Amino acid sequence: MIIGLWGRSGAGSVLVWPVPDIVRAQLSIGGLLVGLLDIYSWLIIARVIISWVGLSPANPVVRFLQAATDPILTPIQNVIPPLGGVIDISPIIAFIFVQMLRTVIIRVFFG
């Protein structure tokens, strides 16, 4: 079976042209990176929601979310302190950064 850009050969599908292996690899890498950034975005959102709920810092879920998101949030928190000493906007800035990076990756890998 030959896999094409828009379909596959066989009953009911249209073969436009075969996709070279290098293109397939680029699409796979790009898709993987976009998927990882999507997961990271959800981790940031989950951390925000967990902070509103007020779970114990000893909770394994809270520890996992902190371990996963602190590498990006801590440097942002060092530069931009919480507004009014209470409202931390670092997750918003991190989320925007991750989405911008996702957009760049999509444009680079998928045109």
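Numbering of residues starts from 1 in every chain and runs along the sequence as written. Where local features are concerned, this predicted model is filtered to residues with pLDDT of at least 70; where side-chain atom pairs are given and counted, the filter is 80 or more; whole-chain, interface and lining totals use all residues. The side-chain quantities take in all heavy atoms of the structure and omit both hydrogens and water.

Observations regarding the overall build of the protein chain
In step 1: Within the protein chain, the secondary structure is distributed over 3 helices and 0 strands.
In step 2: Listed by position from the N terminus, the elements making up the protein chain come as α-α-α.
In step 3: Here's how the labels work: a residue is buried when its accessible area is under 20% of the maximum for its type, exposed when over 50%, partly exposed in between, all with a 1.4 Å probe on protein chains only. Counting across all 111 residues of the protein chain, residues that qualify as buried make up 20%.
In step 4: Pairs of residues are marked as contacts when any of their non-hydrogen atoms sit within 4.5 Å. By sequence separation, contacts in the protein chain at least 24 residues apart represent 45% of the contacts at least 6 residues apart.
In step 5: About 7800 Å² of surface is accessible on the protein chain, with carbon and sulfur atoms providing 72% of the total. Counting from the N terminus, the helices are DSSP H or I runs at least four residues long and the strands are E runs at least two residues long. Here the accessible surface of atoms and residues is derived via Shrake-Rupley with a 1.4 Å probe, and residues count as covered only by protein chains that are part of the display.

Quick look at the UniProt feature "transmembrane region" (unreviewed entry) in the protein chain
In step 1: UniProt positions are given in the numbering used here, feature names are shortened, and annotations may be inferred rather than shown by experiment. As annotated by UniProt and renumbered to match this structure, "transmembrane region" (unreviewed entry) occupies residues 32–55 and 89–110.
In step 2: This span, residues 32–55, is 92% helix and 0% strand, and a straight line between its end C-alpha atoms measures 32 Å.
In step 3: The annotated region residues 89–110 carries 95% helix and 0% strand content, and the separation between its end C-alpha atoms amounts to 31 Å.

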